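# Examining the three-dimensional arrangement
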Amino acid sequence: MKIINTPAEWLEIEKSINRKEKHQSIGLVPTMGALHKGHLSLVERAIKENDISVVSIFLNPVQFNNQNDLKTYPKTWEEDCALLEKTGVDYLFAPTYDIMYPDDYHYKLSEDSFSKTLCGASRPGHFDGVLTVVMKLFQIFLPEKAYFGEKDFQQYKLLDGMAKAFFLRTEVIPCPIVREENGLAFSSRNKRLSPAGLAKAPCLHKALASGKSVDEIKAQLEADGFMIDYVTEVGNRLYAAASIEDVRLIDNVER
Ligand code: AMP
């Protein structure tokens, strides 16, 4: 695995491996680090389905509306590198803020409908930050395919919409949620939970998968000690965000 830090480095590599002449496909997996089995499932797919695989680790500050959330976001660089080495991924892109935002975020992308609902309603500017950083990554690597987890289903839908709206040549591929045996979706933020919080956290998925009404699910989550942000049905999907020990967890199920 080769670690690169700037778009310029990638352009040099792209030339030296004759990527364009050889028509080699690129699979990209954008992440914010603190890697777990959910991330690794995306990486394995990118490796399997492409000639060249790229993972990015960039804790994107502009998508955090809450500075404390950014400050306390788990950072596990050494472990992340060791995990990625084992997967056989070709490149790890790890830029700084100044490299990703030479414009200091004066240019940004936004969507003005779905992004204002669910997570966007309580996290103003969050999806502007997500769309903008992913557009930058797509422009740098021009990947044929990019892999995103259905754990962040709203994010996946918005990125897929962005790719189509701007005629991007990148296919946005949804990947199934990877869960612990107890149903808890793997998440970097789980690392911030105490053992007691970790014991409570699976109740989120259990409630969503119970088949009960939205009101009953909310009552159950409150009884379980969650601070609810939302539980909302959109189409055939039930979405929820709720905090435990001040750690915001999200999940969704089809129904
Ligand atoms: P993050 O580092 O949280 O930005 O996540 C990077 C990518 O991994 C996103 O596309 C997430 O949806 C995906 N992801 C995170 N957790 C999971 C999970 N438990 N199962 C599947 N994909 C996941």
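Residues numbered from 1 in each chain as written. Predicted model: local features only at pLDDT ≥ 70, side-chain atom pairs only at ≥ 80, totals over all residues. Heavy atoms only, no water.

Going by the annotation in an unreviewed UniProt entry, the name recorded for the protein is Pantothenate synthetase, with Treponema bryantii given as the source organism. Here the protein is described in UniProt, under the heading Subcellular location (unreviewed entry), as follows: "Cytoplasm". (UniProt positions renumbered as here; feature names shortened; annotations may be inferred.)

This part takes up the sheet that holds strand E9 (residues 247-254). Taken in spatial order, the three strands line up as E7-E8-E9 in an open sheet, and their pairing is antiparallel. At either end of the open sheet lies a strand with only one pairing partner, and these are strand E7 (227-234) and E9. Strand after strand, the sheet turns through a mean of 10° between neighbouring axes, direction not considered. Of the strand pairs in this sheet, strand E8 (residues 237-244) and E9 are connected by eight bridges, and their pairing is antiparallel. Its bridge partner being in E9, tyrosine 239 is matched across the sheet by asparagine 252. Helix-sheet contacts for helix H12 (residues 214-223) involve E7 and E8, and the interaxial angle to E7 is about 160°. (Pairing = 2+ DSSP bridges. Helix = DSSP H or I, 4+ residues; strand = E, 2+ residues; numbered from the N terminus. Axes fitted to C-alpha atoms, helices over the stretch in contact; angles between N-to-C directions. Contact = heavy atoms within 4.5 Å.)

Parsing the protein into structural domains produces domain 1 (2-175) and domain 2 (188-254). Computed from C-alpha coordinates alone, the two centres of domain 1 and domain 2 are separated by 26 Å. Every contact between the two is made by 20 residues of domain 1 and, on the other side, 13 residues of domain 2. Summing both partners gives a buried area of about 1,500 Å² for domain 1 against domain 2, and 52% of it is carried by carbon and sulfur. Our count for the domain 1 to domain 2 interface comes out at two salt bridges. Between aspartate 69 and arginine 192 there is a salt bridge whose closest N-O contact spans 3.7 Å. If you look at where domain 1 meets domain 2, you find 10 residue pairs in polar contact (both at pLDDT 80 or more). Broken down by secondary-structure element, the contributors of at least two residues to the side of domain 1 that touches domain 2 are helix H4 (67-72), helix H7 (119-122) and helix H9 (153-165). Along the lines of polarity and charge, the residues of the side of domain 1 that touches domain 2 split into nine nonpolar, six polar and five charged. (Domains from an automatic or database assignment. Buried area = accessible area lost by both parts, 1.4 Å probe. Salt bridge = Lys/Arg side-chain N within 4 Å of Asp/Glu carboxyl O. Polar contact = N/O pair within 3.5 Å; in protein donor to acceptor, adjacent residues only side chain to side chain. Nonpolar A, V, L, I, M, F, W, Y, C, P; charged D, E, K, R; others polar.)

Quick look at the site of the ligand now. The immediate surroundings of the ligand are formed by 17 residues, with His39, Gly149, Asp152, Val178 and Phe186 found nearest. With respect to the ligand, the backbone of methionine 32 contributes an N or O atom lying 2.9 Å from an oxygen atom. Protein chains shield 94% of the accessible area of the ligand, which is 490 Å² for the free molecule. Contributing elements (two or more residues each) for the shell around the ligand: strand E2 (26-31), helix H3 (37-49) and strand E5 (145-149). Broken down by element, the shell around the ligand gets its largest block of residues, three residues, from H3. Split by residue class, the shell around the ligand holds nine nonpolar, six polar and two charged. (Near = heavy atom within 4 Å. Areas by Shrake-Rupley, 256 points an atom, 1.4 Å probe, with all protein chains shown as cover.)

If you trace the six strands from one edge of the open sheet to the other, you get E1-E4-E3-E2-E5-E6, paired in parallel fashion. Edge strands, defined here as strands with exactly one partner in the open sheet, are strand E1 (2-4) and strand E6 (171-175). Looking at each pair of strands side by side, their axes are set apart by 25° on average, direction ignored. With two bridges joining them, E2 and E5 adopt parallel strand pairing. What sits directly across from leucine 28, in E5, is alanine 146.

Summarising the sheet, E7 and E8 pair through seven bridges and their orientation is antiparallel. Bridging from a neighbouring strand, threonine 232 pairs with tyrosine 239 of E8. Between E7 and E8, which follow one another and run antiparallel, lie two residues, and glycine 235 among them has a positive phi close to 60°.

We now examine H9. Taking 1.5 Å per residue as the helical rise, H9 with its 13 residues ought to reach 18 Å, and the 18 Å between its terminal C-alpha atoms agrees with that figure. Among the residues of H9, Phe153, Gln154, Gln155, Tyr156, Leu158, Leu159, Asp160, Met162 and Ala163 are the ones counted as buried. At its buried positions, H9 is contacted by H7, helix H8 (126-141), E5, E6, E8 and E9. Where H9 ends, the next residue or the one after it, phenylalanine 167, has phi of about 50°, a positive value. (Expected span 1.5 Å × (residues − 1). Buried < 20%, exposed > 50% of the residue type's maximum accessible area, 1.4 Å probe, protein only.)

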